[in-house]
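# Inside the fold
Listed below are the residues making up each chain.
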Amino acid sequence: GQQLNQSPQSMFIQEGEDVSMNCTSSSIFNTWLWYKQDPGEGPVLLIALYKAGELTSNGRLTAQFGITRKDSFLNISASIPSDVGIYFCAAPIGSDGLTFGKGTHLIIQP
Amino acid sequence: NAGVTQTPKFQVLKTGQSMTLQCAQDMNHEYMSWYRQDPGMGLRLIHYSVGAGITDQGEVPNGYNVSRSTTEDFPLRLLSAAPSQTSVYFCASSPYRGTSKLFFGSGTQLSVL
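What comes next is a walk through the structure. (Residues numbered from 1 in each chain as written. Chains lettered and ligands numbered in written order. Predicted model: local features only at pLDDT ≥ 70, side-chain atom pairs only at ≥ 80, totals over all residues. Heavy atoms only, no water.)

## Focus: the pairing of strand 9 (residues 87-94) of chain B
On a regular strand, one side chain projects to one face of the sheet and the next to the other, so that they alternate. All names here are of chain B. To keep it simple, the criterion reads: The buried label goes to any residue with under 20% of its type's maximum accessible area, the exposed label to any with over 50%, and the partly exposed label to all in between, with areas taken from a 1.4 Å probe on protein chains only. In DSSP terms, a helix is any run of H or I states spanning at least four residues, a strand is any run of E spanning at least two, and both are numbered starting from the N terminus. Being paired, for any two strands, means DSSP has found at least two bridges between them.
Judged by how many residues are buried, strand 9 sits mostly within the fold: 7 of 8 residues are covered. Looking at chain direction, strand 4 (residues 31-38) and strand 9 are connected through 7 bridges and run antiparallel. Among the inter-strand pairings, Arg36 is bridged to a residue of strand 9, identified as Tyr89. The sheet contact formed by strand 9 and strand 11 (residues 108-112) spans 3 bridges and is antiparallel. Bridging from a neighbouring strand, Tyr89 pairs with Thr108 of strand 11. Note: strand 9 against strand 10 (residues 103-104), 2 bridges, orientation antiparallel. When the bridges of strand 10 are listed, Ala92 appears paired with Phe104.

Spelled out as structure tokens, the structure:
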């Protein structure tokens, strides 16, 4: 299937720090998505991007749809303990479902 | 305010046993799907359905069967469980085919010994 390469694999940061993660692919996508998974729960959609170059915010989260349509970035400002979890990028497989990256584990040290 | 409900939460099977993972949604969504999540692998699509009576295969369908007799329910069947099917399984739904916002259940953790 179409592979989304997500990095970093994990991040250990201090509370209050800013976080950056990204997702790249060899394929072009018309939609990029960012999901968050809390421990023991299913993923929840954070941000959806539909246009190349688009920059979208959701509170302290900001995501960008790369100009080449082959990458996307997610930034979290001033991290707090509830930001802990796994962050996934995802993109549609045609109209039949989503392909996901392998995830970025965010661990916050108080 | 149930959303997507999955049962059971945990299950242990022996190799060769069969079982059905249940998924129900109360949002009248047309589209439903099953994903499996393995460590370091992200989520991979198993099967999906775009409406009652219609199902299709995703990326990793082997060893799994699905059916969609009603809009609300989309069970996943393992006919003869194998250790390679040890995973966390998520059911997800969306209002219609092609939308990006999937609503996920809380998952079923399955171990096959």
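## A few points about the state of the cysteines
Just so we agree on the cut-off: Two cysteine sulfurs form what is called a disulfide whenever their separation falls within 2.5 Å.
Across all of its chains, the model carries 2 disulfides over all chains by this definition. Linked covalently through their sulfurs, Cys23 of chain A and Cys89 of chain A form a disulfide whose S-S length is 1.9 Å. Across the S-S bond of Cys23 of chain A and Cys89 of chain A the torsion is about 45°, and the bridge reads as right-handed. In this pair, Cys23 of chain A sits in strand 3 (residues 19-24) while Cys89 of chain A sits in strand 9 (residues 85-92), placing the two residues 66 residues apart along the sequence. Across the pair, Cys89 of chain A and Cys23 of chain A agree in class, each one buried. In this model, Cys23 of chain B is linked to Cys91 of chain B through a disulfide, with the two sulfur atoms separated by 1.9 Å. Its torsion about the S-S bond being -70°, the disulfide of Cys23 of chain B and Cys91 of chain B is classed as left-handed. Taken together, the positions of Cys23 of chain B in strand 3 (residues 19-25) and Cys91 of chain B in strand 9 put the pair 68 residues apart, joining distant regions of the chain. On the accessibility criterion, Cys91 of chain B (0% relative accessible area) is buried.

## With respect to the packing of aromatic side chains
What counts here: Two rings belonging to Phe, Tyr or Trp (six-membered ring only in the last case) form a pair when the distance between their centres is within 6.5 Å. Interplanar angles under 30 degrees mark stacking, angles over 60 mark edge-to-face geometry, and anything in between is tilted.
One pass over the full model with this rule turns up 10 aromatic pairs over all chains. Between Tyr35 of chain A and Phe104 of chain B, the aromatic rings sit 5.9 Å apart at their centres with planes inclined by 85°, giving edge-to-face as the arrangement. Taken together, the residues Tyr35 of chain A in strand 4 (residues 32-37) and Phe104 of chain B in strand 10 connect one chain to another. In terms of burial, Tyr35 of chain A and Phe104 of chain B fall into one category: buried. One aromatic cluster in this structure is built from Tyr35, Phe88 and Phe100 of chain A together with Tyr35, Phe90 and Phe104 of chain B.

## Here's the deal with the sheet that holds strand 8 (residues 76-78) of chain B
What holds strands together in a sheet is hydrogen bonding between their backbones, with the strands either parallel or antiparallel. All names here are of chain B. Which entries qualify depends on this criterion: In this description, a line fitted to the C-alpha atoms serves as the axis of each element, helices being fitted only across the stretch in contact, and the angle between N-to-C directions of two axes falls anywhere from 0 to 180 degrees.
Here we have 4 strands laid out as an open sheet, ordered 1-3-8-7, and antiparallel in their pairing. The two strands at the open ends of the sheet, each matched to only one other strand, are strand 1 (4-7) and strand 7 (64-66). Ignoring which end each strand starts from, the neighbouring axes of this sheet average 20° apart. Relative to strand 3, strand 1 is paired through 4 bridges, and the arrangement is antiparallel. Following the sheet pairing, Gln6 is matched in strand 3 by Cys23.

## Regarding the environment of Leu49 of chain A
Residues and elements named next belong to chain A. Structurally, the position occupied by Leu49 is in strand 5 (residues 44-49). On the basis of relative accessible area, Leu49 is assigned to the buried category, the value being 0%. For Leu49 and Ile93, which are 44 residues apart along the polypeptide, the C-alpha to C-alpha distance reads 15 Å.

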